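A closer look at the structure
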Protein chains: 2
Amino acid sequence: MRFAAPFVLAAFTAIAATPASAQFAKAEDAVKYRQSALFVMAQHFGRIGAMANGKVPYDAKVALENAQVVDEMARLPWAGFVPGTEKVGNTRAKPEIWTEQVKFREHNEKLLAETPRLVAAAKTNNLDNLKSAFQSTAATCKSCHDSFRNQ
Amino acid sequence: MRFAAPFVLAAFTAIAATPASAQFAKAEDAVKYRQSALFVMAQHFGRIGAMANGKVPYDAKVALENAQVVDEMARLPWAGFVPGTEKVGNTRAKPEIWTEQVKFREHNEKLLAETPRLVAAAKTNNLDNLKSAFQSTAATCKSCHDSFRNQ
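None of these values were measured; they are calculated from a predicted model.

Criteria and cut-off values
- Residues numbered from 1 in each chain as written.
- Chains lettered and ligands numbered in written order.
- Predicted model: local features only at pLDDT ≥ 70, side-chain atom pairs only at ≥ 80, totals over all residues.
- Heavy atoms only, no water.
- Core = buried A, V, L, I, M, F, W, Y, C linked by side-chain atoms within 4.5 Å.
- Buried < 20%, exposed > 50% of the residue type's maximum accessible area, 1.4 Å probe, protein only.
- Contact = heavy atoms within 4.5 Å.
- Buried area = accessible area lost by both parts, 1.4 Å probe.
- Salt bridge = Lys/Arg side-chain N within 4 Å of Asp/Glu carboxyl O.
- pLDDT = per-residue confidence, 0-100.
- Helix = DSSP H or I, 4+ residues; strand = E, 2+ residues; numbered from the N terminus.
- Lys, Arg positive; Asp, Glu negative; His and termini not counted.
- Expected span 1.5 Å × (residues − 1).
- Axes fitted to C-alpha atoms, helices over the stretch in contact; angles between N-to-C directions.
- Parallel < 35°, antiparallel > 145°, perpendicular 65-115°, else oblique.
- Left-handed = near helix turned anticlockwise from the far one by under 90°.
- Nonpolar A, V, L, I, M, F, W, Y, C, P; charged D, E, K, R; others polar.

For the rest of this paragraph, the subject is the nonpolar core. Judged by nonpolar contacts, the single largest core of 70 residues is most densely connected at M73 and L76 of chain A together with M73 and L76 of chain B. If sequence neighbours within four positions are ignored, M73 of chain B has contacts with M73 and L76 of chain A together with A37, V40 and M41 of chain B.

As structure tokens, then:
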């Protein structure tokens, strides 16, 4: 047990030094933040999906506006996945987010690689390009949800 | 009563043609959207406030990152104030948002004029400039809350 106290201190220091945890006044705020950012992103992404799936008429300007918001929002939610918040509030976050952090971060980074492509596709003013980029981005969302979100 | 049906039809057409209402699958989503966007914005704005008020050390890079997110988020919430959503869900939105739309929009636009100044101030790498821009932006938030948000 003689390593217990230093270990706890080191762990605390590591957490305190992590910007993500330092950013939120309380754990509930971190959960609300990530859920809020994901919800806003999903709303805008859904509007592109409605065009890609022919449910609403294609409007290149609106598609681009939404793609740009998706791209901006895609950077945000991850800071809210603070260690220790997996059981806070009403959340579908799986514990694997924290036990498989490398894999989780790979998914985050894959999305961050996808959303600029979605913007670029929207800028071509070509519905087929938009459809293709939408489907690719949607597959990235789904892949992460399948691994890290309870249904 | 002979004008009732055309009036209802005209009102329905007006709502259906409004992009804001067309953007959301249901009223609850509009409320959740605006609350989510405002919450994300407030989290980032609060981090600038913590620096401006000396609660955390000034970090020019972090200040700028947060100011840029505030500026991006500031464009979003207003689309969620769809007419008819003032009593949906758990909301502090006052009916005046819809009965005094011109004034409400003036407040929205004032914020949209403030947040680029907040970014510009953050880019000067000068804490006094950041403080000044933070206070000015915070006053804009408060002014709108005083008129349009229940306490």
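Having seen the model, we can carry on.
Taken together, the contact between chain A and chain B spans 17 residues of the former and 17 residues of the latter. Both faces considered, chain A and chain B share a buried interface measuring about 1600 Å² in area, 62% of it formed by carbon and sulfur atoms. Together, Y33, F39 and R47 of chain A form the three largest contributors to the area buried by chain A at its contact with chain B, with a combined 33%. Counting across the interface, chain A meets chain B through two salt bridges. In this structure, the salt-bridge partner of R75 of chain B is E72 of chain A, at a minimum N-O distance of 2.9 Å.

Attention shifts here to the confidence of the model for chain A. All names here are of chain A. Across chain A, pLDDT averages 88, with 85% of residues at or above 70. When mean pLDDT is compared element by element in chain A, helix α7 (residues 127-148) scores highest at 98, while helix α1 (residues 4-17) scores lowest at 36. Here residues 1-21 scores under 50 on pLDDT; set against residues more than four positions off or in separate chains, the count is five contacts. Both confidence scores are given for the complex: pTM 0.86, ipTM 0.86.

On to the side chain of R34 of chain B, then. Residues and elements named next belong to chain B. Tracing the sequence through the fold places R34 in helix α3 (residues 27-52). Here R34 is buried and forms no salt bridge, its nearest opposite-charge partner E86 lying at an N-O distance of 7.1 Å. Residues in contact with R34, not counting those within four places in the same chain, are P77, G80, F81, V82, T85, T91, A93 and W98.

The next point concerns the environment of A30 of chain B. All names here are of chain B. You can see A30 is positioned in helix α3. Through-space distance from the C-alpha of A30 to that of T85 is 7.6 Å; in sequence the pair is 55 residues apart. Those residues within four positions of A30 in sequence are excluded, and the remaining contacts are F24, G80, V82 and T85.

For α3 of chain B, built from 26 residues, the straight-helix expectation of 38 Å at 1.5 Å per residue is met to within 8% by its first-to-last C-alpha distance of 37 Å. Where α3 of chain B ends, the next residue or the one after it, G54 of chain B, has phi of about 75°, a positive value.

Residues and elements named next belong to chain A. At a closest axis distance of 9 Å, the pairing of helix α6 (residues 101-123) and α7 adopts a crossing angle of 165°. By the angle between their axes, α6 is roughly antiparallel relative to α7. When the axes of α6 and α7 are compared, the crossing they make is left-handed. From α6, K103, F104, H107, K110, L111, E114, T115, R117, L118, A121 and A122 reach across to α7, where they touch N129, L130, A133, F134, S136, T137, T140, C141, S143, C144, S147 and F148. For the contact of α6 with α7, the residue count by class is eleven nonpolar, eight polar and four charged.

Turning our attention to the pattern of salt bridges. Inspection of the entire model under this criterion finds 14 salt bridges over all chains. The partner of K61 of chain A in a salt bridge is E65 of chain A, with the nearest N and O atoms 3.0 Å apart. In this pair, K61 of chain A and E65 of chain A are both assigned in helix α4 (residues 60-73), four residues apart and thus about one turn of the helix distant. Across the pair K103 of chain B and E100 of chain B runs a salt bridge, and its minimum N-O distance is 3.9 Å. Assessed through its relative accessible area of 36%, K103 of chain B is described here as partly exposed.

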